There are 2 protein chains.
Amino acid sequence: MKKKAVINDTPVCQVRMQAISDTMSILSGKWKFHILGTLMEGHKLGFMDLLREIDGIGSKMLSKELQDLEMNHLVSRTVMNTKPITVEYAVTEYGATLAPLIDELTKWGIAYRQSIHGSK
Amino acid sequence: MKKKAVINDTPVCQVRMQAISDTMSILSGKWKFHILGTLMEGHKLGFMDLLREIDGIGSKMLSKELQDLEMNHLVSRTVMNTKPITVEYAVTEYGATLAPLIDELTKWGIAYRQSIHGSK
DNA sequence: AATGGTAGTATCCAAATGGAAAGTGCTTTC
DNA sequence: GAAAGCACTTTCCATTTGGATACTACCATT
C-alpha cells in the first residue's frame, strides 16, 4: 500500500505553511530586513542616506527593494517639495508590525554567534 | 563636505546588521522553514516522509537543505539499525530555539493575509 | 524475476538574483 | 561654467538557485 502525507495534510498546517511562504516572499532578498531595520532606526531617510547607511548595497538594488517594500505597504515614499527635490522613505504603520519579527531574527542571530564563540 | 553614514555607524547597529545577516544566511532558501516546521510537528521523520509531507520539494533539494541544516546543528540525522536501512531526521535542542522566530513568521503571514482580505 | 520501498546522487538546464559601472536630468554651490 | 549632490535607471554580466529527470544500491515481498 502506498503511504500518503498525513502530518501536513491538516487545515491548520496548510495555513501555517502558506503563512511562512507569504512572509518569506514579501521579505525575500538580501536587503529587505536591512532597509527596514535602518528605516526603523532613522525614522525618515532619503535615498542617498540609505545608500550610505546600508553597507554594500548598490543603487539598483536599493531602488528595486524600496519599490517592493512600497508595493507591499511596508514603506512609504514621499516626494518633498524642496529646492533640490528630495524623497523621504519611512516605515509605515503596517511595516512597524514587523518589529517583533525583526527582533526575533536579531536575537537569534546574536545568540547563534555567541554559541559558536562559546563552544570554541 | 561629504556626508557619511551615521545611524548605522554605531557598534550596536553593526551587531544588529550582522545578526540579521547571520540568521538569514543560515535559514536562506525556499525550504528551510518548511522542513523545520514539519519536523517540529512530526518529531522524527524519514527522508521519504519529508518528501511526502513537504508539498513540491524534490529529493535533490531536500537532501541539500537537510545537509545544510545538519551542518548548522539545527537538525540531527540518525541512521537506524533496521532491516531496510532507515534514517531519522529530527530537530535538535538548538534547532528548537528557532520556534519563537518561526512563530512570529507564521503569525505575521496570517495577519498579512487577513489584512488583504479585510481591506477588500 | 518483478515490484516497490528506503535513501539518496548525478546531470542538465532555465530562471532568478544581484553586483559594477555608467548614464540621466535636475539644481545648487563655488 | 564646472563640480557636486539628489534620485534614480539602464545595461551588462556572473553567480546562485532550484526544478525535472534519471539513476544507483540495498532490501523485502509477491
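Throughout what follows, the structure given in this document is the object of discussion.

The rules behind each value
- Residue numbers run consecutively from 1 along every chain, following the written order of its sequence.
- Throughout, the order in which chains and ligands are written sets their labels, letters from A for the former and numbers from 1 for the latter.
- Totals for whole chains, interfaces and linings use every residue, but because this is a predicted model, local features are given only for residues with pLDDT of at least 70 and side-chain atom pairs only at 80 or more, for both listing and counting.
- Values reported for side chains reflect all heavy atoms of the structure, with hydrogen atoms and water molecules removed beforehand.
- Near is defined per residue: the residue qualifies when any heavy atom it owns lies within 4 Å of the molecule or strand.
- For the purposes of these results, a polar contact is taken to be a pair of N or O atoms within 3.5 Å, where, inside protein, one atom must be able to donate a hydrogen and its partner to accept one; residues adjacent in sequence count only when each atom of the pair is a side-chain atom.
- Labels follow the DSSP assignment, with helices taken as runs of H or I lasting at least four residues and strands as runs of E lasting at least two, numbered in each case from the N terminus.
- Note on residue categories: nonpolar means Ala, Val, Leu, Ile, Met, Phe, Trp, Tyr, Cys or Pro, charged means Asp, Glu, Lys or Arg, and polar means any other residue, Gly included.
- We call two residues contacting when some pair of their heavy atoms lies within 4.5 Å.
- Here's the idea: put two parts together, see how much 1.4 Å probe accessible area each one loses, and the total over both is what we call buried area.
- Here, a salt bridge means any side-chain nitrogen of Lys or Arg that lies within 4 Å of a carboxyl oxygen of Asp or Glu.

**A word on the protein's contact with DNA strand C**
Moving on, step 1. Around DNA strand C, the structure places 22 residues, and the nearest of them are A:Lys30, A:Lys60, B:Ser63, B:Arg77 and B:Val87.
Moving on, step 2. Here a phosphate oxygen of DNA strand C sits 2.4 Å away from a polar atom, N or O, in the side chain of A:Lys30.
Moving on, step 3. B:Met48 places a main-chain nitrogen or oxygen 3.2 Å from a phosphate oxygen of DNA strand C.
Moving on, step 4. Elements with a minimum of two residues in the surface near DNA strand C: α4 (59-71) of chain A together with α3 (47-53), α4 (59-71) and β2 (86-91) of chain B.
Moving on, step 5. In terms of residue count, the dominant contributor to the surface near DNA strand C is α4(B) (four residues).
Moving on, step 6. Taken together, the residues of the surface near DNA strand C sort by class into eight nonpolar, six polar and eight charged.

**Points about the protein's contact with DNA strand D**
Moving on, step 1. Within the structure, DNA strand D sits among 20 residues, and A:Ser63, A:Arg77, A:Val87, B:Lys30 and B:Lys60 are positioned closest to it.
Moving on, step 2. Expressed as a percentage, the sugar and phosphate content of the atoms of DNA strand D within 4 Å of the protein is 64%.
Moving on, step 3. Here a phosphate oxygen of DNA strand D sits 3.3 Å away from a polar atom, N or O, in the main chain of A:Phe47.
Moving on, step 4. The contact in question runs from a phosphate oxygen of DNA strand D to an N or O atom on the side chain of A:Arg52, over 3.5 Å.
Moving on, step 5. Only α3 (47-53), α4 and β2 (86-91) of chain A together with α4 of chain B provide two or more residues apiece to the surface near DNA strand D.
Moving on, step 6. With four residues, α4(A) is the single largest residue contributor to the surface near DNA strand D.
Moving on, step 7. Across the surface near DNA strand D, the residue classes tally to seven nonpolar, five polar and eight charged.

**Digging into the interface of chain B and chain A**
Moving on, step 1. Chain B puts 48 residues into the contact, and the matching count from chain A is 48 residues.
Moving on, step 2. Each partner contributes to the roughly 4500 Å² buried at the junction of chain B and chain A, and carbon and sulfur atoms together form 64% of this total.
Moving on, step 3. For the interface between chain B and chain A, the tally reads two salt bridges.
Moving on, step 4. Between A:Asp22 and B:Arg113 there is a salt bridge, and its shortest N-O distance comes to 2.6 Å.
Moving on, step 5. For the side of chain B that touches chain A, the secondary structure elements donating two or more residues are α1 (11-26), α2 (32-42), α3 and α5 (99-118) of chain B.
Moving on, step 6. Looking at the side of chain B that touches chain A, the element that brings in the most residues is α5(B), giving 14 residues.

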